[in-house]
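Spelled out, the chains give:
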Amino acid sequence: MSNRPTSLAFALALAFGLAPPLFAGDEAGPARMGSGALTFDTVPGWGLGADGKSVLGSTHGGVVVDKEGLIYTSAHAGVFVFSPDGKVVRSFLGDKYSDVHDMKIRDEDGGEFIYAARNNNAEGIKFNAQTGEIVLKLPFPKESGLDLKKFNPTAITVAPNGDIFLSDGYASDHIFKFDKTGKYLMHFGKHGDGLKEFHTAHGMVLDTRYAPPRLLICDRNHQPLGRLLHYDLDGRFIGVVAENLGMPTSAAVHGDHVSVPDLMGRLIVLDKNNTVVSVLGYNADPANGRNFNVPQKDWVEGVFSGTHGSYWDKDGNLYVQDWNVSGRIMKLLKVK
């Protein structure tokens, strides 16, 4: 008998006659999660090196997929690019690409470009997804007239016309708007727990489920519980989308669905009505949900420890990154 950590997830699996979660050291097999049209199987070992260990190092970042189906994920060491079968095809390493906290990808004249928020480096950047060439930097805009003691961006997204939004989610909770050349245009939002205030504006995406598209903002630490908000592209408050989501860290849109990682250890999927329609990888163990320090040997197949980034490919498969000391990224294969 293996030396398993005790967890509610394991007990529930036994009680309901389900396959128990697989721990490190078990014979790896896929774990199924979700239901109906949103049923997924994990792909054990996806993204690991030939030695079976993570190639990433610590992860505290995001995920995007390009039009060829290559998967980009960010880590403390830089940005890694995987093939759909989980092999590294290239990477952008070094200080210029370290600590990318959030990424968005966009097909533009000249190729595909990744927009990134670097939380420990106090800037947004834009770089060529193929070559890694940095073509734009967004430092703190002094033109705003603000006197900030700290600038620590956590999220970035781009409007259809190329305007760029950069959230200072680990500091002032202001969201800054630039034009496509990097010229400062305006800012909105402030820190607090009021209706139109942010308590860690941690994640942000262009919500294309609606016309015209709008900003979907993850207000991670808003009290009493995390929530999602809509703002228009001029920084005007539209409304609260969803509440009681734990600690929502980011969002990725696919058709009428949006995936929202919850740092407590699960991935939430909402439909166009912003109703929760699926909860994936739920970690019922309070010692391992929202825990950065879960080493690879203690990872559980199909159970997340601190979901931080996610993205869909064209077939509806999901790629999920955990905030994790060893560097964890997972592929969830949509069941046909």
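Just so you know, these numbers come straight off a predicted model, no measurement behind them. (Residues numbered from 1 in each chain as written. Predicted model: local features only at pLDDT ≥ 70, side-chain atom pairs only at ≥ 80, totals over all residues. Heavy atoms only, no water.)

Trainee: Hey, could you go over the side chain of Ser54 for me, with residue numbers and the actual values?
Mentor: Structurally, Ser54 can be placed in the loop between strand E3 (38-42) and strand E4 (63-65). Side-chain polar atoms of Ser54 contact the backbone oxygen of Ser326, separated by 3.1 Å. The residues contacting Ser54, other than those within four sequence positions of it, are Leu48, Gln296, Trp299, Ser326 and Gly327. (Helix = DSSP H or I, 4+ residues; strand = E, 2+ residues; numbered from the N terminus. Polar contact = N/O pair within 3.5 Å; in protein donor to acceptor, adjacent residues only side chain to side chain. Contact = heavy atoms within 4.5 Å.)

Trainee: So, the side chain of Lys126: which residues are in play, and what are the values?
Mentor: Tracing the backbone shows Lys126 in strand E10 (residues 123-128). Given a relative accessible area of 12%, Lys126 falls into the buried group. A polar atom in the side chain of Lys126 sits 2.8 Å from the side chain of Glu108. (Buried < 20%, exposed > 50% of the residue type's maximum accessible area, 1.4 Å probe, protein only.)

Trainee: Provide a residue-level description of the packing of aromatic side chains, including the pertinent values.
Mentor: For the structure shown, the criterion picks out twelve aromatic pairs. Between Trp46 and Phe82, the ring centres sit 5.3 Å apart and the planes meet at 40°, which makes this aromatic pair tilted. One end of the pair, Trp46, is in the loop between E3 and E4; the other, Phe82, is in strand E6 (residues 78-82), and 36 residues separate them in sequence. On the accessibility criterion, Trp46 (5% relative accessible area) is buried. With relative accessibility at 0%, the residue Phe82 sits in the buried group. (Phe/Tyr/Trp six-rings, centres within 6.5 Å; stacked < 30°, edge-to-face > 60°.)

Trainee: A description of unusual backbone geometry should follow, citing residues and the corresponding values.
Mentor: Phi is mostly negative for residues that are not glycine, and the peptide bonds are mostly trans. Cis peptide bonds are those with omega within 30 degrees of zero, and the linkage from Ala211 to Pro212 qualifies with -5°. If you trace the backbone, Pro212 turns up in the loop between strand E16 (201-207) and strand E17 (214-219). In this model, Asp99 sits at a positive phi of 55°, which is unusual for a non-glycine residue. Along the chain, Asp99 falls in the loop between strand E7 (88-93) and strand E8 (100-108).

Trainee: With reference to specific residues and values, describe the pairing of E10.
Mentor: Burial analysis of E10 places six of its six residues in the buried class, the great majority of the element. The side-chain alternation of E10 yields two buried faces, one formed by Glu123, Ile125 and Phe127 and the other by Gly124, Lys126 and Asn128. Note that strand E9 (residues 111-118) and E10 share six bridges and pair antiparallel. Across the sheet, Tyr115 pairs through a bridge with Lys126, a residue of E10. Joining the antiparallel neighbours E9 and E10 is a turn of four residues, in which Ala122 adopts a positive phi near 55°. (Pairing = 2+ DSSP bridges.)

Trainee: For the sheet that holds E3, give the residues involved together with the corresponding values.
Mentor: Pairing in this open sheet of five strands is antiparallel, and the strands run E2-E3-E27-E26-E25 from one edge to the other. Two strands bound the open sheet, and with one partner strand each, they are strand E2 (32-35) and strand E25 (307-312). If you compare each strand with its neighbour and ignore which way they point, the axes differ by 25° on average. Across five bridges, the pairing between strand E26 (residues 318-322) and strand E27 (residues 328-334) is antiparallel. Counted as the bridge partner of Val320 is Met330 from E27. (Axes fitted to C-alpha atoms, helices over the stretch in contact; angles between N-to-C directions.)

Trainee: Can you lay out the nonpolar core for me, pointing to particular residues and giving the numbers?
Mentor: Counting residues in each nonpolar core, the largest one holds 15 residues, and the members touching the most others are Tyr72, Val79, Phe92, Met103, Ile114 and Phe127. Listed by contribution, the elements that provide at least two residues to this core are E6, E8, E9 and E10. Broken down by element, the residue count for this core peaks at three residues, all from E8. Beyond its immediate chain neighbours, meaning those up to four positions away, Phe92 contacts Tyr72, Ala77, Gly78, Val79, Val81, Tyr97, Phe127, Asn128, Ala129, Gln130, Thr131 and Gly132. (Core = buried A, V, L, I, M, F, W, Y, C linked by side-chain atoms within 4.5 Å.)

Trainee: So, the pairing of strand E12 (residues 155-158): which residues are in play, and what are the values?
Mentor: Residues Ala155 and Thr157 point to one face of E12 and Ile156 and Val158 to the other, with burial holding for every one of them. Across four bridges, the pairing between E12 and strand E13 (residues 164-167) is antiparallel. Within E13, the position partnered with Val158 by the bridge is Ile164. The antiparallel pairing of E12 with E13 creates a hairpin that spans five residues between the two strands, and Gly162 there sits at a positive phi of about 100°.

Trainee: Account for the sheet that holds E13, naming residues and giving values.
Mentor: With antiparallel pairing, four strands are arranged side by side in an open sheet as E12-E13-E14-E15. On the outer flanks of this sheet lie E12 and strand E15 (184-188), each paired with one strand and no other. Looking at each pair of strands side by side, their axes are set apart by 20° on average, direction ignored.

Trainee: Give me the pattern of salt bridges: which residues, what numbers.
Mentor: Tallying each qualifying case throughout the model produces 18 salt bridges. The partner of Lys67 in a salt bridge is Asp107, and the shortest N-O contact between them spans 3.3 Å. With a gap of 40 residues between them, Lys67 in the loop between E4 and strand E5 (71-75) and Asp107 in strand E8 connect regions that are remote in the sequence. Since its relative accessible area comes to 59%, Lys67 is described here as exposed. Linking Arg236 and Asp232 is a salt bridge whose minimum nitrogen-to-oxygen distance equals 2.9 Å. Using a relative accessible area of 51% as the deciding quantity, one classes Arg236 as exposed. Beyond isolated ion pairs, a larger network of salt bridges with shared partners links Asp163, Lys177, Asp232, Asp234 and Arg236. (Salt bridge = Lys/Arg side-chain N within 4 Å of Asp/Glu carboxyl O.)

Honestly, it's all geometry; don't read function into it.
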